[in-house]
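# Observations on the three-dimensional arrangement
Single-letter residue listing:
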Amino acid sequence: MKKLINAVDAVEEQMVLGLVKSAPKKLKKLDCGNVVVRAEKKPAEKVALVSGGGSGHEPAHGGFVGEGMLDCAVAGAVFTSPTPDQIFEGIKAVATEQGVLCIVKNYTGDVMNFEMAIDMASDEDIKADHVVVNDDVAVKDSLYTTGRRGVAGTILVHKIAGAKAEEGATLEEVKATAEKVIANVRTMGMAISPCTVPAAGKPGFELGEDEMEIGIGIHGEPGTHREKIAQADEIAKTLLEKILADIDYKGHEVVVLINGMGATPLMELYIINNFVQDYLAKEGVKVYDTMVGNYMTSIEMAGFSITLLRLDDELKKLYDAKADTPALKR
Amino acid sequence: MIDAKKIIAMVEAIAKKIESEKDFLTQLDNEIGDGDHGINLARGFKSVEEKLPGLEDKDIGAILKGVGTQLVSTVGGASGPLYGTAFMKAGNACKGKTELTDADFASALEAAIGGIKMRGKAEEGEKTMLDALCPACRALKEGLDSGKELKEALAAAVDAAAKGMEHTKTIIATKGRASYLGERSIGHQDPGATSSLYMLQAMLDCL
């Protein structure tokens, strides 16, 4: 597998440094590790938002640090949750009197590491809490699984909770808004080619020339099932039907996020979006706004996910609020 | 009696075993997880090895706690907090001790398992490391209770862990990333149960 890297064990740090150098007035890296924070510390009266996870999802999460979104993003090794001490350094660097809210994607490792970091913060009298994003409808949410995964919908949690925090809301209020987004956001994804973790050197799964994997997550893990590849519209319909069956979107306004997995040309994402818009109109779902691009990637996986967020007046207003980050501006 | 030197030798043996089985563990994880179990554990234990010289003059509790903290801060993923907590809890159980009786050794293993259950909110039978560790701990205690030497009892524990690991091939994962696969996880051996078996084997080899 060819990759534009220098050394396997330098991937994460050089990525974070490169990101920060792309926006030196807005971002900085903490010396203690791969932790990205805003260049200027935000006012003391604002709740600080911390997110993070394994690397390999760029621009998530460091690209969403900035006004109106995150205060800090902690990058672990590729596809590996950051460790509690790294997360704790991030929390300490941005903590305010108002407290810290961590936005965690629902993976066993991420949840455990963030919980340990929050325990460490509480020991030092930092007010810290967390929400767990679980928007992936491909995974059954039942007693018999770890629950649905957190995927591209996390970006909308960053956006909206970030706007709420910027308004000066309390930790409890920001958490409630983040949870409202989580309750109303659903995602499903697929892949036509896998991705390779640099340290592993081999793809996470193999796909034949005529195969696709439906229901993949964002870590190169296999999806729910494998099928013969179909036309784009048909694939998009499969994903949309699963999302629309999960919560009632009819008659509601939604934000649509067509997310590329890393190696999907925008051309193809627009082809998907062309179908999604028409299909939603037919289903009586009103599109308030649409985002098309690479927001939550899976290294060089080719594929996409569709995310729908059901809006109410509060979420609409916060979605429209100002954001100024390397990967999302509004 | 197990002294601090022996404990350090055991940790070194675990580190070597994990390094040599790194690719196999990663391959197992590729099948039902995200393919980084071996890579992450090897990275963690390599940094533990570097830290061990600084722990040599400490008591066993402090050594194990140091190993745990180092794992938590270097492994990442789910196995970092789980194995890290296991060593930290084992350390707690051996607080201030410079020598362990056979019973102390069993208590430390029991405390480690308690830590994994607590951190992972998991029980035996969910296709995790607990499926190797829990039967091993029972076999160890039974062996000691029936008057066996530690080496003999630990050998029985390793056998029980191997059986437990084999058993993970037949059950559905309900915890961790493999749970997303549902029934498709059947037929695959759990990487966590496998690394747990390796650790017990490495400890046995030191006796």
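Just so you know, these numbers come straight off a predicted model, no measurement behind them. (Residues numbered from 1 in each chain as written. Chains lettered and ligands numbered in written order. Predicted model: local features only at pLDDT ≥ 70, side-chain atom pairs only at ≥ 80, totals over all residues.)

### Observations concerning the environment of A:Gly153
Residues and elements named next belong to chain A. Note the cut-off: Only runs of H or I of at least four residues qualify as helices and only runs of E of at least two qualify as strands under DSSP, and these elements are numbered from the N terminus. By the convention adopted here, residues make contact when the C-beta atoms placed from their backbones lie within 7 Å.
Following the sequence through the fold, Gly-153 ends up in the loop between strand E6 (128-133) and helix H4 (154-166). Remark: the alpha-carbon pair of Gly-153 and Lys-26, spanning 127 residues in sequence, is separated by 24 Å. In contact with Gly-153, not counting residues within four places along its chain, are Val-133, Asp-135, Val-185, Arg-186, Thr-187, Thr-307 and Leu-309.

### Considerations on the confidence of the model for chain B
Residue and element names in this part refer to chain B. Under the convention used in this document: The predictor reports its confidence for every residue as pLDDT, a score running from 0 up to 100.
Put simply, chain B has an average pLDDT of 94, and 100% of its residues get 70 or more. The element-level mean pLDDT for chain B is lowest in helix H2 (residues 22-32), coming to 91, with helix H7 (residues 130-145) highest at 98. Reported for the predicted complex are a pTM of 0.87 and an ipTM of 0.75.

### Things to note about the pairing of strand E10 (residues 253-260) of chain A
Residues and elements named next belong to chain A. Here is the rule we go by: For the exposure call, what matters is how many other C-beta atoms sit within 10 Å of a residue's own: 20 or more marks it buried, 12 or fewer exposed, and in between partly exposed, using C-beta atoms placed from the backbone. Here, strands pair whenever DSSP counts at least two bridges between them. When the strands point away from the viewer and the path from the first strand over the helix to the second turns clockwise, the crossover is right-handed.
Counted residue by residue, E10 has seven buried out of eight residues, so it is predominantly covered. In this sheet, strand E11 (residues 286-293) lies alongside E10 in parallel orientation, the contact comprising seven bridges. Counted as the bridge partner of Val-255 is Asp-289 from E11. Read from E10 through helix H7 (residues 266-282) to E11, the crossover connection turns out right-handed.

### Looking at the sheet that holds E11(A)
All names here are of chain A. In plain terms, the rule: Here an axis means a line fitted to C-alpha atoms, over the contact stretch when the element is a helix, while the angle between two N-to-C directions is reported on a 0 to 180 degree scale.
Strand order in the open sheet made by the six strands is E9-E8-E7-E12-E10-E11, with mixed pairing throughout. The open sheet has two edge strands, strand E9 (225-228) and E11, and neither has a second partner. Mean inter-strand twist for the sheet, computed between neighbouring axes without regard to direction, equals 20 degrees. Here H4 sits on the sheet in contact with strand E7 (185-193), E10 and strand E12 (302-310), set at roughly 125 degrees to E10.

### Some words on the interface of chain B and chain A
Taken together, the contact between chain B and chain A spans 24 residues of the former and 29 residues of the latter. Contributing elements (two or more residues each) for the side of chain B that touches chain A: H2, helix H3 (37-51), helix H4 (60-74) and helix H5 (79-93) of chain B. Sort the elements by how many residues they give to the side of chain B that touches chain A and H4(B) lands first, with three residues.

### So, the domain arrangement of chain A
Residue and element names in this part refer to chain A. Rule in force here: Where a domain begins and ends is set by an automatic assignment or by a domain database. For this scheme, ten residues count as nonpolar: Ala, Val, Leu, Ile, Met, Phe, Trp, Tyr, Cys and Pro. Four count as charged, namely Asp, Glu, Lys and Arg, and the remainder, Gly too, count as polar.
Domain boundaries in chain A define domain 1 (10-183) and domain 2 (185-318). Using only C-alpha atoms to locate each centre, domain 1 and domain 2 end up separated by 23 Å. Listed as interface residues are 26 residues of domain 1 and, on the opposing side, 31 residues of domain 2. Of all the secondary structure elements, the ones that give two or more residues to the side of domain 1 that touches domain 2 are H4 and helix H5 (171-184). Looking at the side of domain 1 that touches domain 2 residue by residue, the classes come out as 15 nonpolar, five polar and six charged.

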